[in-house]
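What follows is the residue order along each chain.
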Amino acid sequence: MTAPPLDTSTATTATLRGREVIVFGGCNYLGLAQHPSVLAAATAALNNYGLSASASRETTGNTSAHQDLERALTEFCGFESGLLVPDGYIANLAALQALAASGCSAAVLDERAHPSLADAARMAGLELHRFRHLDTGHAAQCLERLKPRAVVITDSVFAADGAIAPSTDLHAMLRPEDVLLLDDCHGFCVLGNQGRGTADAFALSRDRLVVTTTLAKGLGCAGGVVLGTQSLIETCRRNSTAYICTTPASPILTVAAIEAVRVMQRHAELHESLCANSNRVAALLRSIGDHTQDPRTPIFAFTLGLSAETLREIHQRAWDQGVWLPLVEYPGGPAPVYFRLSVSAAHTPDQIDKLTAVLGSVQSPTCPLPSGAKP
Ligand SMILES: Cc1ncc(COP(=O)(O)O)c(C=O)c1O
């Protein structure tokens, strides 16, 4: 079912169905979609460029803003080269088309990877094999049966539940010709020094590594990027129809994204407060019986062992108190119906106190009551 439409939103609140609520959801992890200097950059760009690039970057749609953003992202994330594309979905297709053009014939994909990755592998003409979720050993077995060159593919951080992929082990098990592709849509801005992403967080060698990400989530703008070696990005530029035959993200959002990267670099405290807020929410969930949450990401998926009906009651009670806890039926989570909460750098201590007030009284069947307490 389509989620209710928002009428207005800030980094931590929204108005919908006629009332303002605090939102613990979405992927605007650093609050950059509403950061004042990012908004100012977007306003200035409107006057310089108008609304749209209006053509492929390979014809007349290339702007200095697109090139500057490419450089800024490449440098910030520590890669040799990068290519901007319209969005994260297209980034996966562009990357796999480039790998197919460079001799890759098969893809080995985590079974819970984002659907755009399987779509991209099929569209790029790769033979597709799936390995068990987060299971490096099974990925290695799948790889063994394939002729080189193959690409191993995973989300670096899974959107549904915040699980972190074993990127270091997956990279280490590659044969000399193979490549690892990480979809870093939920790792970029979240993991690594000041949010530089998964490759930075795990100090992955950039050799035989391709990273794709959206600029619409943590960076709060729009667009996608493929990051890799000079040679892979050149192959992408020359061969990927997903790049060649599409209009790039609007110059307004491109200029906004350049400023968003600068804000991340200038304000280390943004990423620090994302980490602090993630730790607070993980501790809150531990206190009510869920010890499975990884505080390294701001994504929390849980049911506390409660039925879907009880979860709906909690959701309604929270809503009545002005707090929106997204109760989702999105694939890849711990149950058919579950809470998928996220916290951002912009949530204030008062707002997290409200979350604590709403969830702190929930009694999980898996969490014993403190001694002497009555159920
Ligand atoms: C893991 C992952 N990959 C790719 C995408 C696609 O990114 P975009 O929305 O920029 O097309 C998303 C967005 O939903 C995502 O969560």
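Predicted model only: the values in this text are computed from it and were never measured.

Conventions adopted
Residues numbered from 1 in each chain as written. Predicted model: local features only at pLDDT ≥ 70, side-chain atom pairs only at ≥ 80, totals over all residues. Heavy atoms only, no water. Domains from an automatic or database assignment. Buried area = accessible area lost by both parts, 1.4 Å probe. Salt bridge = Lys/Arg side-chain N within 4 Å of Asp/Glu carboxyl O. Near = heavy atom within 4 Å. Polar contact = N/O pair within 3.5 Å; in protein donor to acceptor, adjacent residues only side chain to side chain. Areas by Shrake-Rupley, 256 points an atom, 1.4 Å probe, with all protein chains shown as cover. Nonpolar A, V, L, I, M, F, W, Y, C, P; charged D, E, K, R; others polar. pLDDT = per-residue confidence, 0-100. Contact = heavy atoms within 4.5 Å. Helix = DSSP H or I, 4+ residues; strand = E, 2+ residues; numbered from the N terminus. Buried < 20%, exposed > 50% of the residue type's maximum accessible area, 1.4 Å probe, protein only. Core = buried A, V, L, I, M, F, W, Y, C linked by side-chain atoms within 4.5 Å. Phe/Tyr/Trp six-rings, centres within 6.5 Å; stacked < 30°, edge-to-face > 60°. Pairing = 2+ DSSP bridges. Expected span 1.5 Å × (residues − 1). Arc of directions from axis to C-beta.

K.L.:
Before we go on, may I ask you to explain the domain arrangement of the chain in this structure?
P.N.:
Interfaces are frequently sized by the accessible area removed from exposure as the parts join. Here the domain parsing of the chain yields domain 1 (8-24 + 268-359) and domain 2 (36-266). Taking the mean C-alpha position of each, domain 1 and domain 2 sit 27 Å from one another. Interface area, domain 1 with domain 2, both sides summed: about 1300 Å², of which 60% is carbon and sulfur. It is His271, Arg296 and Ile299 in domain 1 that bury the most area against domain 2; as a group they hold 34% of the surface buried on that side. Counting across the interface, domain 1 meets domain 2 through 0 salt bridges.

K.L.:
Quick question: what am I supposed to make of the site of the ligand here?
P.N.:
Around the ligand, the neighbouring residues are Asp87, Gly88, Tyr89, His114, Ser116, Asp155, Asp183, Cys185, His186, Thr214 and Lys217. Contact between the ligand and tyrosine 89: an oxygen atom at 3.0 Å from a main-chain N or O atom of the residue. Histidine 114 places a side-chain nitrogen or oxygen 3.5 Å from a nitrogen atom of the ligand. When the ligand is considered free in solution it has 390 Å² of accessible area, and contact with the protein chains removes 82% of it. By residue class, the composition of the shell around the ligand is 2 nonpolar, 5 polar and 4 charged.

K.L.:
Would you explain the confidence of the model for the chain in this entry?
P.N.:
Note that predicted coordinates carrying low pLDDT should not be read in detail. Looking at the chain, pLDDT values average 95 and 97% of them are 70 or higher. pLDDT under 50 marks residues 368-375. Its contacts with residues more than four places away, or in other chains, come to 4 contacts.

K.L.:
Help me out: how do you make sense of unusual backbone geometry in this one?
P.N.:
Across the chain, the bulk of peptide bonds are trans and the bulk of non-glycine residues have phi less than zero. Cis geometry marks the peptide bond from proline 148 to arginine 149; its omega dihedral reads 5°. Summarising the element assignment, arginine 149 is placed in the loop between helix 5 (136-144) and strand 7 (150-155). Within the chain, glutamine 194 stands out as a residue other than glycine whose phi angle is a positive 55°. In this structure, glutamine 194 sits in the loop between strand 8 (179-183) and helix 7 (198-201). Relative accessible area serves as the criterion here: at 18%, glutamine 194 is assigned to the buried category.

K.L.:
How do you make sense of the nonpolar core when you look at a structure like this?
P.N.:
As a rule of thumb, nonpolar side chains are buried together in soluble globular proteins. With 54 residues, the main nonpolar core has Leu32, Leu73, Val152 and Leu219 as its most contacted residues. If you tally residues by element for this core, the top one is helix 10 (residues 251-266), at 8 residues. When residues of this core are assigned to domains, at least three fall in each of domain 1 (8-24 + 268-359) and domain 2 (36-266). With residues near it in sequence (within four places) discarded, valine 152 still touches Val108, Phe131, Leu143, Leu170, Met173, Leu174, Val179, Leu180 and Leu181. Counting residues in hydrophobic clusters, the runner-up holds 31 residues, among them Leu83, Ala94, Ala113 and Leu232.

K.L.:
Hey, could you run me through the packing of aromatic side chains in this one?
P.N.:
Aromatic ring pairs are defined here through the distance separating the ring centres and the angle between the ring planes. Here the structure, examined in full by the defined rule, presents 2 aromatic pairs. Where phenylalanine 302 meets phenylalanine 339, the ring centres are 5.6 Å apart and the plane angle is 40°; that geometry is what we call tilted. Of this pair, phenylalanine 302 sits in strand 11 (residues 299-302) while phenylalanine 339 sits in strand 14 (residues 338-342), and the two are 37 residues apart along the sequence. For phenylalanine 339, a relative accessible area of 1% corresponds to the buried category.

K.L.:
Would you mind showing me how to read the sheet that holds strand 1 (residues 8-9) here?
P.N.:
Sheet architecture is open: 4 strands sit in the order 1-2-3-12, paired in mixed fashion. Edge positions in the open sheet fall to strand 1 and strand 12 (323-324), since each of these has one partner strand only. Where strand 3 (residues 19-23) meets strand 12, 2 bridges bridge the pair, whose relative direction is parallel. Residue isoleucine 22 lies in a different strand from strand 12, and its bridge partner there is valine 323.

K.L.:
Explanation requested: helix 11 (residues 268-287) in the structure shown.
P.N.:
Think of an α-helix as turning once every 3.6 residues; residues three or four places apart then point the same way. If you check helix 11, its first and last C-alpha atoms are 29 Å apart, about what 20 residues at 1.5 Å a residue would give, namely 28 Å. For helix 11, the full list of buried residues reads Leu270, His271, Leu274, Asn277, Ser278, Val281, Ala282, Leu284 and Leu285. For helix 11, the buried positions fall inside an angular range of 155° around the axis, keeping them on one side. Backbone geometry just downstream of helix 11 places glycine 289 in the positive-phi region, at approximately 105°.

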